[in-house]
Every structure is written in C-alpha cells, then in structure tokens.
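Residue-level structural notes
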Amino acid sequence: MRYRTIGQNPGTRREVSVLSLGAMLFGTVTDEATSFAILDRYVEAGGTFIGTSNNYAFWVNGTQGGESEALLGRWRRSWGIGDEVTIASKLGGRPLAPSTAFSKNIEGLSATVIRESAERSRERLGVETLDLLYAHVQDDAVPLQEVVESFAGLVADDTVGLLGVSNHWAWRVERARSLAAAAGLPGFEVLQYHHSYLRRRTDRPTLRSPDGEIGVVSGDLLSYLRAEPGPALVAYSPLLAGSYVREDKPLDAGFDHAGTPVRLAALRDVAKESGATVNQVVLAWLIGSEIPVIPLVGASSVAQLGESLAAVDLELTAEQRAKLDAAVCVV
C-alpha cells in the first residue's frame, strides 16, 4: 500500500492510504458478514481510509440513514480498531423524514444541525473524535459564515479532527476557506467530489442546482486545486458503478458527448498494453495524476476489492499516461 498526507496542520493532519474504501452500502445492500470481510481484507492490505455518511443508505429501506455508520461502529469495536484507521463521515444530506427518494427535504448545514449530527455520528461510530467530517451538500439557506464557524467549533471542541467539503461549487469552497483563514479558524482541507477518467457533463440542471452538476469535478475545480495545492481531492464513484466493464450498467446520459468514445478507446488501449483491467487503469491514472487524487471505491465482495487494491501497484508509463491525458475530442 502507498500513503498520502491529508491536512496541513501538524496537529490534525493524517497519513492515509492512496486508495479509500467507501462503505455506503454496508449494513443495507451488503450484509454485515460480507461487509466485515471486505473491511478486514482492506485493512490487511494496508488500507487506512474509509468513507461513509450519516445518511447512508436511507434510500434502500426507506429510513433516514445511519446504517453504514452503525455497522462501522460495530466493526471497530469487534476488532479494537483505533486511530490507525481514518473514518470520514458527512452531514447535511440526511432526509428530515424516512424516505426512499432523494429530495430537497434534508437537514442542511445550520449550526444546530452540524452540532447535533456530528454528535450522532460519533455515537454510531463509537469514537470520541471524528477523524474527518465533510459538509455533504451546499446549503444556500444558511450564511456561509455560520457554516464555517460551526464546523470550526467542532474542531475547537475536539469533536472533529479534519474538516472537508463535498458537492459545493468551487467558488463556494474558496469563499469558505477564505472566511476561515481570515478569522484564524480551521477550514476545509479535504474535498470529496465525483471524479473519474471519463468526464461527465456538468451543464445540466439538477435537483441541487439549476446551474448544473454541483458535485462533479470540473475545469474550475481542477484549476483551483492547481493554484491551491493544499486541499486533498477524494474522488467518489471513480469506477462509475461498474459502467466501465459491465454490459448491464451502461453509461448514463451525463457521458453522452463526443469526448467519451475518444477517451474510452485510449483507456482500453492502455489496459491492453499494461495487462491490467480497465478499472485498474482508471484508478492508477487517478492516483498518479498531476493533481493527486485519492479514489474512493466501493466493493460488494472481497474479490471485487482485490481488483481495486491491485491498482495501487500499477505504474503507468509516461507514454501511457500521455496517451490517456491527450485523449480529447477535437472539433
């Protein structure tokens, strides 16, 4: 396994594995025995970075979420897992009532929600301090200053170690970080967004924003990270839920543009050259990118996790990486 440091403050920064394990469906779609086996294999391989959220996975059984955190708490206690494993969680997207559908009827990021939700996550995970806590969604109804101060208050109380942000416009991230810096407060140091080798369209209106796909890595976010190399980028759904390799999982409409077939052709060429799977090439490309990325992968079996773990040791040649990077549609 290889490792990377997230966070800049010597007192709170952490060294984590370059491959993170997503626990979204643990405790619901993936049963407890299988979830434990996947978690055990991940840690045995040197994995130290697990991602969850307080609303996972409400849509499966029509709840408000918490099943994933609760399972991770049971797993931690069963093995005596301590600070050697970083568990990141998120708050803000929990439905206000049991539901099977995504809607705007969610908890948001008020000061009260941030404080109370963090406490519930600590209880479910069985920890004194949450290693890393993300603002899961952008909440335009709450002043950004309140959000910044509320998250910083959790760090001051030693309730949270590192702060992160997910599914926010890049300008909003920068403004929040600037507010925190101006006030001498801890700010967002880890960014979690959807990112993969194929580029998804970001212009279509969505449930969360009429301006487009708010949670997808786009040019403005990449440009921001080139200029501000401090924040770490965690990429969720890097393997597109199996769409790279499974015929029963076609790419969704977000990838219906001229650039997709060009990049798919390059990806398949490099996979053939390297003797690796397409999924492994995607993960290796992300891990070794000029802007470093920590892929957050899901797994429904130990074998599936094994394929992703093997990607950590896949070294793409300079020529292979250049081929992947140069695969763009010229019009």
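Residues numbered from 1 in each chain as written. Predicted model: local features only at pLDDT ≥ 70, side-chain atom pairs only at ≥ 80, totals over all residues. Heavy atoms only, no water.

**As for the overall build of the protein chain**
Assigned secondary structure in the protein chain consists of 11 helices and 10 strands. Whereas a compact globule of 331 residues would reach a radius of gyration of roughly 20 Å, the protein chain reaches 19 Å, a difference of no more than 12%. Referenced to the eigenvectors of the C-alpha coordinate spread, the extents of the protein chain come out at roughly 50 × 45 × 40 Å. Looking at the 331 residues of the protein chain, the share that counts as buried comes to 54%. Nonlocal contacts in the protein chain, meaning residues at least 24 apart in sequence, comprise 74% of its contacts between residues at least 6 apart. Entry remark: accessible area of the protein chain is about 14300 Å², with carbon and sulfur atoms responsible for 51%. If you average the places of the 31 positive and of the 40 negative side-chain charges in the protein chain, the two averages end up 3 Å apart. (Helix = DSSP H or I, 4+ residues; strand = E, 2+ residues; numbered from the N terminus. Rg over C-alpha atoms; globule rule 2.2 N^0.38 Å. Buried < 20%, exposed > 50% of the residue type's maximum accessible area, 1.4 Å probe, protein only. Contact = heavy atoms within 4.5 Å. Areas by Shrake-Rupley, 256 points an atom, 1.4 Å probe, with all protein chains shown as cover. Lys, Arg positive; Asp, Glu negative; His and termini not counted. Charge placed at Lys NZ, Arg CZ, Asp CG, Glu CD.)

**What about the packing of aromatic side chains?**
The geometry of an aromatic ring pair comes down to the distance between the two centres and the angle between the two planes. Under the definition given, this model contains six aromatic pairs. With a centroid separation of 5.1 Å and an interplanar angle of 65°, the aromatic rings of Phe58 and Phe102 are classed as edge-to-face. Of this pair, Phe58 sits in helix H2 (residues 58–61) while Phe102 sits in the loop between strand S5 (86–91) and helix H4 (111–125); the two residues are 44 residues apart in sequence, bridging distant segments of the chain. Accessibility expressed as a relative area gives 2% for Phe58, which makes it buried. Ring plane angle 80° and centroid distance 5.0 Å describe the contact between Tyr197 and Trp285, whose orientation is recorded as edge-to-face. (Phe/Tyr/Trp six-rings, centres within 6.5 Å; stacked < 30°, edge-to-face > 60°.)

**Let's talk about the pattern of salt bridges**
Inspection of every chain in the model, using the stated rule, returns 13 salt bridges. Notably, a salt bridge pairs Arg120 with Glu107, separated by 4.0 Å at the nearest N-O pair. Here the residue Arg120 occupies a position in helix H4, and Glu107 occupies one in the loop between S5 and H4, the gap between them amounting to 13 residues. Where Arg122 meets Glu119, a salt bridge forms, and the shortest distance between an N and an O atom there is 2.5 Å. Of the two residues, Arg122 and Glu119 both sit in helix H4, three residues apart, roughly one turn of that helix. By relative accessible area, Arg122 is classed as buried at 16%. The class for Glu119 is partly exposed, based on a relative accessible area of 31%. (Salt bridge = Lys/Arg side-chain N within 4 Å of Asp/Glu carboxyl O.)

**Some words on unusual backbone geometry**
Across the junction of Tyr56 and Ala57, the peptide omega takes the value -10°, indicating a cis bond. The residue Ala57 is located in the loop between strand S4 (49–51) and H2 in this model. One non-glycine residue, Leu240, adopts positive backbone phi at about 55°. With respect to the helices and strands, the residue Leu240 is situated in the loop between strand S9 (232–236) and helix H8 (259–274). You can call Leu240 buried: its relative accessible area is 7%. Phi is positive for Ala241, close to 55°, though the residue is something other than glycine.

**Thoughts on the pairing of strand S7 (residues 160–166)**
If a strand is regular, its side chains alternate between the two faces of the sheet. Taking burial as the measure, the seven residues of S7 include seven buried ones, the bulk of the element. Relative to S7, strand S6 (residues 130–135) is paired through five bridges, and the arrangement is parallel. For Leu133, the partnering residue across the bridge sits in S7 and is Leu163. Crossover connection from S6 via helix H5 (residues 144–156) to parallel S7: handedness right-handed. As paired elements, S7 and strand S8 (residues 190–194) share three bridges and run parallel to each other. Among the inter-strand pairings, Ser166 is bridged to a residue of S8, identified as Gln192. This β-α-β element, S7 to helix H6 (residues 170–182) to S8, shows right-handed connectivity. (Pairing = 2+ DSSP bridges. Right-handed = clockwise from strand over helix to strand, strands pointing away.)

**Regarding the packing of helix H9 (residues 278–287) against helix H10 (residues 302–311)**
Interaxial distance between H9 and H10 falls to 8 Å at its minimum, and their mutual angle equals 45°. Considering their axes alone, H9 and H10 lie oblique with respect to each other. In this structure, H9 crosses over H10, and the sense of that crossing is right-handed. Across the interface between the two elements, Asn279, Gln280, Leu283 and Ala284 from H9 touch Glu307, Ser308, Ala310 and Ala311 from H10. (Axes fitted to C-alpha atoms, helices over the stretch in contact; angles between N-to-C directions. Parallel < 35°, antiparallel > 145°, perpendicular 65-115°, else oblique. Left-handed = near helix turned anticlockwise from the far one by under 90°.)

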